[in-house]
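One letter stands for each residue in the lines below.
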Amino acid sequence: MSIQNLEDLFLQYLKDTFDAEKQLTKALPRMAKAASDENLKEAFELHLQETEEQIGRLEEIFEMLEKPARGKHCAGMEGLIEEGKELMQEDAPEAVMDAGLIAAAQKVEHYEIAAYGTMATYAKMLGMKDALKLLKQTLSEEKSTDEKLSQLASQINFDAQAEAVE
Ligand code: FE
Ligand code: FE
């Protein structure tokens, strides 16, 4: 498919993000399982539910564009998830592993924040008000997930640091 204009580019990123979110629904349960801290586990589980709703919003936008909801492989998300997998294969004390899981998850959220920020800008420029509303809703979920992870990190990083001096 050639990309001729902003609408084509918008569709391109929709497909990319649709695939990215789908990849994430497979990774989040593994991250929840690898986490020891109950609040962190819960945060991953909650974000899995949100991610499924976000996929639904993207499907609605494909529908608005009268395009099939079809993803295009997102290499960026694959790489981020791969790094998370490598971390989970390591032997680490619980708090240290949890701190690493938060770091991996925040990279994912920042990646998504960039993607949704761009798509929201395009939707606005293209006059797609309903799409813009849906994209902003997801963008704010990604931002609150990132903030929640930062909050969890303030305790967990501290525990991880205590681990090092024992
Ligand atoms: Fe998401
Ligand atoms: Fe997310």
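Use the structure listed above.
This report concerns the structure included in the present document.

Conventions used here
Residues numbered from 1 in each chain as written. Chains lettered and ligands numbered in written order. Predicted model: local features only at pLDDT ≥ 70, side-chain atom pairs only at ≥ 80, totals over all residues. Heavy atoms only, no water. Donors = N, O, S within 2.8 Å, 3.2 Å for Na, K, Ca; no water. Helix = DSSP H or I, 4+ residues; strand = E, 2+ residues; numbered from the N terminus. Buried < 20%, exposed > 50% of the residue type's maximum accessible area, 1.4 Å probe, protein only. Core = buried A, V, L, I, M, F, W, Y, C linked by side-chain atoms within 4.5 Å. Contact = heavy atoms within 4.5 Å. Axes fitted to C-alpha atoms, helices over the stretch in contact; angles between N-to-C directions. Parallel < 35°, antiparallel > 145°, perpendicular 65-115°, else oblique. Left-handed = near helix turned anticlockwise from the far one by under 90°. Nonpolar A, V, L, I, M, F, W, Y, C, P; charged D, E, K, R; others polar. Patch = residues over 30% accessible without salt bridge, like charges linked within 9 Å, V, L, I, M, F, W, Y side chains within 5 Å. Areas by Shrake-Rupley, 256 points an atom, 1.4 Å probe, with all protein chains shown as cover. Salt bridge = Lys/Arg side-chain N within 4 Å of Asp/Glu carboxyl O. Lys, Arg positive; Asp, Glu negative; His and termini not counted. Charge placed at Lys NZ, Arg CZ, Asp CG, Glu CD. Expected span 1.5 Å × (residues − 1). Arc of directions from axis to C-beta.

As a further point, take the coordination of the iron ion (ligand 1). On the protein side, the iron ion (ligand 1) has E21 (OE), E21 (OE), Q54 (OE1), E112 (OE) and E142 (OE) as donor atoms, found 2.0 to 2.4 Å from it. Written as a sequence motif, the donor residues of the iron ion (ligand 1) are E-x32-Q-x57-E-x29-E. The distance between the iron ion (ligand 1) and the iron ion (ligand 2) is 3.1 Å, with E112 acting as a donor to both metals. With Q54 in helix α2 (residues 38-64) and E112 in helix α4 (residues 94-125), the pair connects residues that are 58 residues apart, well separated along the chain. Assessed through its relative accessible area of 3%, E112 is described here as buried.

A few words now on the nonpolar core. Within the largest apolar cluster, 28 residues are counted, with the highest numbers of intra-cluster contacts made by L40, F44, M77 and I102. At eight residues, the largest contribution of residues to this core is made by α4. If near-sequence neighbours (up to four positions away) are discounted, F44 is found in contact with L28, M31, A32, A35, L101, A105 and L149.

Where helix α1 (residues 6-34) contacts α2, the axes come no closer than 9 Å and their chain directions differ by 160°. In this view, α1 runs roughly antiparallel relative to α2, as classed from their interaxial angle. When you trace α1 past α2, the crossing you get is left-handed. A breakdown of the residues in the contact of α1 with α2 according to their chemical character gives 15 nonpolar, five polar and eight charged.

The next subject is a positive patch on the surface. Taken together, the side chains of K22, K26, R30 and K85 make up a positively charged region of the molecular surface. In terms of residues, the positive patch owes the most to one element, α1, which gives three residues. In this structure, K85 sits in helix α3 (residues 75-88). On the accessibility criterion, K85 (33% relative accessible area) is partly exposed.

All right, on to α3 then. Its 14 residues give α3 an end-to-end C-alpha distance of 20 Å, which sits within 8% of 20 Å, the value for a rise of 1.5 Å per residue. Of the positions making up α3, those classed as buried are M77, L80, I81 and G84. Buried residues along α3 cover an arc of 95° about the axis, so they all sit on one side. Along its buried surface, α3 packs onto α1 and α4.

All right, on to unusual backbone geometry then. The backbone of E66 shows a phi angle near 55°, a positive value even though the residue is not glycine. Note on placement: E66 falls in the loop between α2 and α3.

Taken together, the protein donors to the iron ion (ligand 2) comprise H47 (NE2), E109 (OE), E109 (OE), E112 (OE) and E142 (OE), at separations of 2.0 to 2.7 Å. Sequence positions of the donors to the iron ion (ligand 2) reduce to the motif H-x61-E-x2-E-x29-E. On the basis of relative accessibility, which here comes to 2%, the residue E109 falls in the buried class.

Counted by the stated rule, this structure contains three salt bridges. Between R57 and E53 there is a salt bridge, and its shortest N-O distance comes to 4.0 Å. Of this pair, R57 and E53 both sit in helix α2, four residues apart, which is roughly one turn of the helix. According to the relative accessible area criterion, R57 is buried, its value standing at 7%.

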